[in-house]
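Single-letter residue listing:
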Amino acid sequence: MSKKTALFDPKKFLNLYGLDELERLRLERNPFWNRIRFETTWQLPVMAEITDHSNIELVPMRLATREELGLFHDPSYIETIELFGNQGTAFASRFGLDTESCPVFPQMDQYSNYLVGSAIDAVMGVASGKYRNAFSFFGGLHHALESKAGGFCYYNDCVIAIKKYREEYPNKRVLYLDTDVHHGDGTQHAFYDDPNVMTISVHELSMGFYPGTGRVEEIGSGDGEGYNVNIPLPPLTDDHEYWRVFEDAIVPLWLAFTPDFVFWDVGADAHMLDPLADLMLTNDTYNRMSKTVRQLVELSDGKLAVVGGGGYNPVSTAKIWTMVLADIAKVPLPSTLPAEWIRLCQDFDLEIKRGGWTDRPFRTEEETFVNIRRAVTDSVSNVQNLLFPIHGIEK
Ligand SMILES: [Zn+2]
């Protein structure tokens, strides 16, 4: 059994020129599809020399085949994305394309396709024992549907990789854990009636917040009833309340389901500095979550693949992904951030508040806290009441 963590090397992805064209074509920078976000996050583990460690194997990203994309997406949708990536067509709105979050830009088919190839290689490489676990930084495009783009997502790498695994290992069960601050609606949709893939999404749910789905009552259908878990949280949920959710709702369901494979969409956008969302997590929670996920996998002799997901403050996103990578690869983090990386961030006009990996502790003010606590308690009890009996879990 390999001791290595596969990390997907984005060299070919970053060498594409389409992102530069996108910036040239649009006045506003796209929060996901922009070079600063990709460069800042990728360069942190490189400059911190974590990628040089013998526990990590850099694996080149590859393009998925048409057949692989077709494990989830409609052929007409794939064709449109490929065509758009070169010249554009008239079918934009039908496929959710050419919107604010899913702009049409040169080579967008390749950008999104590389993430699918990486997710498949991550999952299949871990499943076969080639790698101990794997991390694809820029993957986690959980909003994409069979024939619709949404929320920065064109192809759903999570769904395709899990479907590929299920095809190869039909008797194995997958836990899809989605801690991105947005509801994992595309992945939920793909496995809604499937009892072999348990999807757990913990996310912000508030007025007007994207995508607007992800209520506790969405528990799956048919044979899949009870295998779709949603834990909505109110804005300003902090570390303390978030962790209560993890321990009182997620861990018992995980243990009852006994997954063979865990696919984790981290999502650094629940961090308190994220500009697109309103949760107030610090790096402490991400650190604790990573250790807990890794240990739960290890204790059950399970397998783990990780994708980065959202995260729109490049500095905090880089730190979170690097911390998770170092943890699952068992590589020590340097005590401070590399000076070279701080300079890179400054060149990009990004603010670095602290030279280390932690954040200043944050606690919600007492008055607000009471309301948040009530809402979180409601979510947790609803999950316990609706789903625990199905899995024979005692409260
Ligand atoms: Zn997100």
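This report concerns the structure included in the present document. In this text, all values refer to a predicted model and were calculated from it rather than measured experimentally. (Residues numbered from 1 in each chain as written. Predicted model: local features only at pLDDT ≥ 70, side-chain atom pairs only at ≥ 80, totals over all residues. Heavy atoms only, no water.)

### What to know about the overall build of the chain
Summing up its helical and strand segments, the chain has 13 helices and 8 strands in all. The C-alpha atoms of the chain give 20 Å as radius of gyration, which agrees with the globular expectation for 395 residues (21 Å, within 12%). With the C-alpha coordinates aligned to their principal axes, the bounding extent of the chain is approximately 55 × 45 × 45 Å. Among the 395 residues that make up the chain, the fraction classed as buried is 60%. For the chain, contacts bridging at least 24 residues in sequence account for 78% of all contacts bridging at least 6. Per element, the accessible surface of the chain, about 15800 Å² overall, is 48% carbon and sulfur. Of the charged side chains in the chain, 36 are positive and 56 negative, and the gap between their average positions amounts to 4 Å. (Helix = DSSP H or I, 4+ residues; strand = E, 2+ residues; numbered from the N terminus. Rg over C-alpha atoms; globule rule 2.2 N^0.38 Å. Buried < 20%, exposed > 50% of the residue type's maximum accessible area, 1.4 Å probe, protein only. Contact = heavy atoms within 4.5 Å. Areas by Shrake-Rupley, 256 points an atom, 1.4 Å probe, with all protein chains shown as cover. Lys, Arg positive; Asp, Glu negative; His and termini not counted. Charge placed at Lys NZ, Arg CZ, Asp CG, Glu CD.)

### Description of the sheet that holds strand S7 (residues 261-265)
Pairing is parallel in the open sheet, where 8 strands are placed in the order S2-S1-S3-S8-S7-S4-S5-S6. Edge positions in the sheet fall to strand S2 (56-60) and strand S6 (228-233), since each of these pairs with one other strand and no more. Taken over all neighbouring pairs, the strand axes of this sheet differ in orientation by 15° on average, direction set aside. Relative to strand S8 (residues 303-307), S7 runs parallel, the two being bridged by 5 bridges. Paired with Trp264 across the two strands is Val306, which belongs to S8. On top of the sheet, helix H11 (residues 314-329) reaches strand S1 (5-9), S2, strand S3 (133-136), S7 and S8; it is set at about 165° to S3, its chief contact. (Pairing = 2+ DSSP bridges. Axes fitted to C-alpha atoms, helices over the stretch in contact; angles between N-to-C directions.)

### Section: the packing of helix H6 (residues 108-127) against helix H7 (residues 157-168)
Look at H6 against H7: their axes get within 8 Å of each other, and the N-to-C directions meet at 35°. Here the hand of the crossing between H6 and H7 comes out right-handed. Taking contact as the criterion, the partners of Leu115, Val116, Ala119, Ile120, Val123, Met124 and Ala127 in H6 are, on H7, Asp157, Ile160, Ala161, Lys164, Tyr165 and Glu168. (Left-handed = near helix turned anticlockwise from the far one by under 90°.)

### Details of the packing of aromatic side chains
Scanning the entire structure with this criterion turns up 27 aromatic pairs. On the basis of an interplanar angle of 80° and a centroid distance of 6.0 Å, the ring pair of Phe32 and Phe38 is categorised as edge-to-face. Of the two residues, Phe32 and Phe38, neither departs from the other in class, the shared state being buried. With a centroid separation of 6.0 Å and an interplanar angle of 65°, the aromatic rings of Trp33 and Phe38 are classed as edge-to-face. Neither residue differs from the other here; Trp33 and Phe38 are each classed as buried. Lying over the aromatic face of Trp243, Arg288 brings its terminal NZ or CZ to 5.4 Å of the ring centre. (Phe/Tyr/Trp six-rings, centres within 6.5 Å; stacked < 30°, edge-to-face > 60°. Lys NZ or Arg CZ within 6 Å of the ring centre and 35° of its normal.)

### Re the side chain of His73
Mapped onto the elements of the fold, His73 is located in the loop between helix H4 (66-69) and helix H5 (75-84). Here the side chain of His73 touches Leu145 through a polar contact of 3.0 Å, landing on its backbone oxygen. There is a polar contact of 3.1 Å between the side chain of His73 and the backbone oxygen of Glu146. If we skip the residues at most four places from it in the chain, His73 touches Ile78, Ala144, Leu145, Glu146, Tyr154, Tyr155, Asn156 and Ile160. (Polar contact = N/O pair within 3.5 Å; in protein donor to acceptor, adjacent residues only side chain to side chain.)

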